There are 2 protein chains.
Amino acid sequence: MRSLESDLRRKIARLETLVDASMVFSGILDIDILLDTVMQKAEEVMEAEASSVFRIDEKRHDLYFITARGEKGKEAKEIRVPMGKGIVGWVAEHGKPLLVPDVRKDSRWFRGVDKKTKWVTRSILAVPLIVKGKVIGVAEVLNKKGDRKFDEDDLELFAALGNQIAIAVENASLYSDLDKLFLSSIRAIVEAVDAKDPYTRGHSSRVVEYALLIGNALTRDKDRLKEIEISAILHDVGKIGIPDKILGKPGRLTRREQKYMERHPEFSAAIIEPIELLKRLMRNIMHHHERIDGKGYPDGLKDKSIPLVARIIGIADAFDAMTTDRPYRKRKNTRIALRELKTHSGTQFDQRLVGIFVSEFSKQNPL
Amino acid sequence: MRSLESDLRRKIARLETLVDASMVFSGILDIDILLDTVMQKAEEVMEAEASSVFRIDEKRHDLYFITARGEKGKEAKEIRVPMGKGIVGWVAEHGKPLLVPDVRKDSRWFRGVDKKTKWVTRSILAVPLIVKGKVIGVAEVLNKKGDRKFDEDDLELFAALGNQIAIAVENASLYSDLDKLFLSSIRAIVEAVDAKDPYTRGHSSRVVEYALLIGNALTRDKDRLKEIEISAILHDVGKIGIPDKILGKPGRLTRREQKYMERHPEFSAAIIEPIELLKRLMRNIMHHHERIDGKGYPDGLKDKSIPLVARIIGIADAFDAMTTDRPYRKRKNTRIALRELKTHSGTQFDQRLVGIFVSEFSKQNPL
């Protein structure tokens, strides 16, 4: 038997871990990093072999893994658990924690996941994730290390941890919802601007897609990729300021109209100038029609003095322009358009970035 | 002297409070509610008479109150503390917690705030708020109740609480930054659409302002007010789809042009339709040209079957149209425009809402 003092000290140590954990993870708004950090901590504290977090899909009335750690985590992620089925389904339905010291002795135990993943579950501790009185998911740890069993003490601690996980997941969702709202809103408005001219319908969205082909090959950094995405969405927003009679002119533009049209990167930059958090993207947008040889507009910048993101958008923009119909010419097929990019790389376009685009585009669209 | 056991139990109780507190406040993304909840909890745990949280203003190189609780909280809020000055300034500059059992014996003590608020500080416990290695502010509790002094135990606990406060403040700021980004971005693009026609420059922003005059008189609910704001910003976004030659026509429109122009609420609604989180605002936007008597467009809805927010926007929109120049007429002065609203209330406009608008507008713009 343990003495009272060592019991109390143990309790303090575990509570301190909890306080510590909550500090680490309440500050993370990226849900993937967050859950991995949280559940790593949970496994440590609970001395568990594996862990998972499930989210309820209300429409489909089932649960899906949002994270699964441990040997068979990857395999598990593709499985869905019906509501009410198994330990996890029971916890989701009843909104109560559940301690199952030996799964073989519990009739609720659902072998489905073990069967598919070839993982052997011995014991489970599962708690509901509750936000504002509503069950949003379930967190569980599996198999206490050293062939021991989870006990009531573990349950109490994991339930507290579950509360923290629930709030953190909810915060991360709120943030990600707002982020989606922001992107989809500017995208919807820009698409409406593009759609005014049947020849440019969908243009900005395709430029985003092409720019991200290059971006994803260059970096895994989410902030940098977000910067590319937002700059690409907004690169032509200044066309709002170009009169219809120039924008939709069926023939070639006069010199004067052309000059006015060439001001659209400035107009785009001017629109985002008052937006504090987007200001730093102005140069990406302003310079997407510069050329490596300095013969572009508006400033005749050369080479690396053109911002990287502007050089990326320049390639994406030109490729989409070549591969869509214009009032005065038919579209080129993609093979010819890719060759054109290569022909003009080093003069109009950044050579290295064209190389990346051609290779990534060809990977995704095998001829 | 206290026994070891009671010491340990006391420590457990305080740690449990901390775990508890972190659950309560890490889930709140509204910074005002958040800080009030956090600091109330802090005062309780620390048995303090008052508390404040300061944020560093890097540009002005000083600190300002973001919350101040206690008798003199309201007075305190208007004061700014120079960086490096007083206990709070010292903590901000050094990034270290500070326990001052008796302020009269500490040379760093700055009487400025007490003097202005007529509050008497006896002891202070102040901790830096640190996020990713950077000091973003300071939290403090003042005067331990019952004429006692804060001790090292209090310091340890408050420092842990400080870490939680820092993360929560940072999360709330990130959320609020993104929210501002969302609103300012759609606003900037819509303003660019308005600015295409010199006669409608600034229109959507003024409609937001007028709609919120009514909204603020109806409710304090932030979500409802946000709904009014976003609907008002986007009410005319569909004008993107109206050709320049109709939108900017110097004379009266033909019947056919008029019919096309009257489709702009549908176009506006169509633009936001694909945006999951804005879908529920479609009806507010779609029906801002309906009339109470059913003679409006597009659906001839009557009375309360017109969504409340659409009725609000209808009034705001008409008032701005009347009080700005049009190609074919000069603007009315505001007194006459308000009278017009009243004349047409009960037929074109919602009577109660016109009453509120006229009274709120007159309060803010005394003749």
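Fair warning: this is a prediction, and the values are worked out from it, not measured in the lab.

1. Section: the overall build of chain A
Part 1 of the reasoning: Scanning chain A for helices and strands turns up 15 helices and six strands.
Part 2 of the reasoning: Taken along its principal axes, the extent of the C-alpha atoms in chain A is 90 × 40 × 35 Å.
Part 3 of the reasoning: Relative to its 367 residues, chain A shows a buried fraction of 40%.
Part 4 of the reasoning: Long-range pairs, those at least 24 residues apart, make up 57% of the contacts in chain A between residues at least 6 apart in sequence.

2. Comments concerning the relation of the copies chain B and chain A
Part 1 of the reasoning: At an RMSD of 0.1 Å, chain B and chain A line up after a rotation of 180 degrees and a shift of 0.0 Å along the axis. Within this description, the copies of the chain are treated as partners about a two-fold rotation axis. Taking C-alpha positions as reference, the residue of chain B nearest the rotation axis is B:Phe182, located at 2.4 Å.
Part 2 of the reasoning: Of the residues that chain B buries at the interface, 100% are likewise interface residues in chain A, meaning the two copies contact each other through the same surface.

3. Topic: the nonpolar core
Part 1 of the reasoning: Counting residues in each nonpolar core, the largest one holds 88 residues, and the members touching the most others are A:Ala211, A:Ile315, B:Ala211 and B:Ile315.
Part 2 of the reasoning: Beyond its immediate sequence surroundings of up to four residues, A:Ala211 is in contact with A:Ile228, A:Ala232, A:Ile312, A:Ile313 and A:Ala316.

4. Regarding the interface of chain B and chain A
Part 1 of the reasoning: Counting from both sides, the interface comprises 48 residues of chain B and, opposite them, 48 residues of chain A.
Part 2 of the reasoning: Of all the elements in the fold, those that place two or more residues in the side of chain B that touches chain A are α1 (4–26), α6 (152–196) and α11 (264–272) of chain B.
Part 3 of the reasoning: Looking at the side of chain B that touches chain A element by element, the count peaks at 22 residues for α6(B).
Part 4 of the reasoning: A breakdown of the residues in the side of chain B that touches chain A according to their chemical character gives 30 nonpolar, nine polar and nine charged.

5. Structural notes on the sheet that holds strand β3 (residues 80–82) of chain A
Residue and element names in this part refer to chain A.
Part 1 of the reasoning: Within the open sheet, the six strands sit side by side as β3-β2-β1-β6-β5-β4. Their pairing is antiparallel. Lying at the two open borders of the sheet, with one neighbouring strand each, are β3 and β4 (98–100). Averaged over all pairs of adjacent strands, the angle between strand axes in this sheet comes to 25 degrees, irrespective of strand direction.
Part 2 of the reasoning: Bridge count for strand β1 (residues 48–57) against strand β2 (residues 62–69) is seven bridges, and the pairing is antiparallel. Bridge assignment links Val53 to a residue of β2, and that residue is Thr67.
Part 3 of the reasoning: This element, helix α4 (residues 86–94), spans β1, β2, β3, β4, β5 (124–131) and β6 (134–144) of the sheet and lies at about 30 degrees to β5.
Part 4 of the reasoning: Docked against the sheet, helix α6 (residues 152–196) engages β1, β4, β5 and β6, running at close to 40 degrees with respect to β5.

6. Let's talk about the domain arrangement of chain A
Part 1 of the reasoning: Domain parsing of chain A yields domain 1 (4–174) and domain 2 (197–364).
Part 2 of the reasoning: The C-alpha centroid of domain 2 of chain A is placed 47 Å from the C-alpha centroid of domain 1 of chain A.

7. Description of the pairing of β2(A)
All names here are of chain A.
Part 1 of the reasoning: Connecting β1 to the next strand, β2, in antiparallel fashion are four residues, including His61 with a positive phi near 55 degrees.
Part 2 of the reasoning: In this sheet, β3 lies alongside β2 in antiparallel orientation, the contact comprising three bridges. Residue pairing across strands places Asp62 opposite Pro82, the latter belonging to β3.

8. Some words on the packing of helix α14 (residues 334–343) of chain A against helix α15 (residues 351–364) of chain A
For any two helices packed against each other, the geometry comes down to the angle between their axes and how far apart the axes lie.
Residues and elements named next belong to chain A.
Part 1 of the reasoning: Remark: α14 packs on α15, axes separated minimally by 10 Å, with the N-to-C direction vectors making an angle of 165 degrees. Considered as vectors, α14 and α15 are oriented roughly antiparallel to each other. For the pair α14 and α15, the crossing hand works out as left-handed. Residues Leu338, Leu341 and Lys342 of α14 pack against Val354, Phe357, Val358 and Phe361 of α15.

9. Quick word on the sheet that holds strand β6 (residues 134–144) of chain B
All names here are of chain B.
Part 1 of the reasoning: Strands sit in the order β3-β2-β1-β6-β5-β4 across an open sheet of six strands; the sheet is antiparallel. Single-partner strands in this sheet number two, and they are β3 (80–82) and β4 (98–100). Taking each pair of neighbouring strands and ignoring which way they run, the sheet shows an average axis angle of 25 degrees.
Part 2 of the reasoning: In the packing of helix α4 (residues 86–94) onto the sheet, contacts are made with β1 (48–57), β2 (62–69), β3, β4, β5 (124–131) and β6, and the angle to β5 comes to roughly 30 degrees.

10. Focus: the environment of A:Ala318
Part 1 of the reasoning: Here A:Ala318 is to be found in helix α13 (residues 308–322).
Part 2 of the reasoning: Using a count of 21 C-beta atoms within 10 Å as the deciding quantity, one classes A:Ala318 as buried.

11. Regarding helix α7 (residues 203–218) of chain A
All names here are of chain A.
Part 1 of the reasoning: Between the first and last C-alpha of α7 there are 23 Å, a value that for 16 residues agrees with the 22 Å anticipated at 1.5 Å per step.
Part 2 of the reasoning: All of the buried residues along α7 are His203, Ser204, Val207, Val208, Tyr210, Ala211, Leu213, Ile214 and Gly215.
Part 3 of the reasoning: Buried-residue contacts for α7 involve α6, α8 (222–234), α13 and α15.

12. Some points on the environment of B:Arg10
All names here are of chain B.
Part 1 of the reasoning: Note that Arg10 resides in helix α1.
Part 2 of the reasoning: Since 12 C-beta atoms lie within 10 Å of it, Arg10 is described here as exposed.
Part 3 of the reasoning: With 136 residues separating them in the primary sequence, Arg10 and Gly146 have C-alpha atoms 19 Å apart.

Each value, and the rule that gives it
- Residues numbered from 1 in each chain as written.
- Chains lettered and ligands numbered in written order.
- Predicted model: local features only at pLDDT ≥ 70, side-chain atom pairs only at ≥ 80, totals over all residues.
- Helix = DSSP H or I, 4+ residues; strand = E, 2+ residues; numbered from the N terminus.
- Buried ≥ 20, exposed ≤ 12 C-beta atoms within 10 Å, placed from the backbone.
- Contact = placed C-beta atoms within 7 Å.
- Least-squares fit on C-alpha atoms with pLDDT ≥ 70 in both.
- Core = buried A, V, L, I, M, F, W, Y, C linked by C-beta atoms within 7 Å.
- Nonpolar A, V, L, I, M, F, W, Y, C, P; charged D, E, K, R; others polar.
- Pairing = 2+ DSSP bridges.
- Axes fitted to C-alpha atoms, helices over the stretch in contact; angles between N-to-C directions.
- Domains from an automatic or database assignment.
- Parallel < 35°, antiparallel > 145°, perpendicular 65-115°, else oblique.
- Left-handed = near helix turned anticlockwise from the far one by under 90°.
- Expected span 1.5 Å × (residues − 1).

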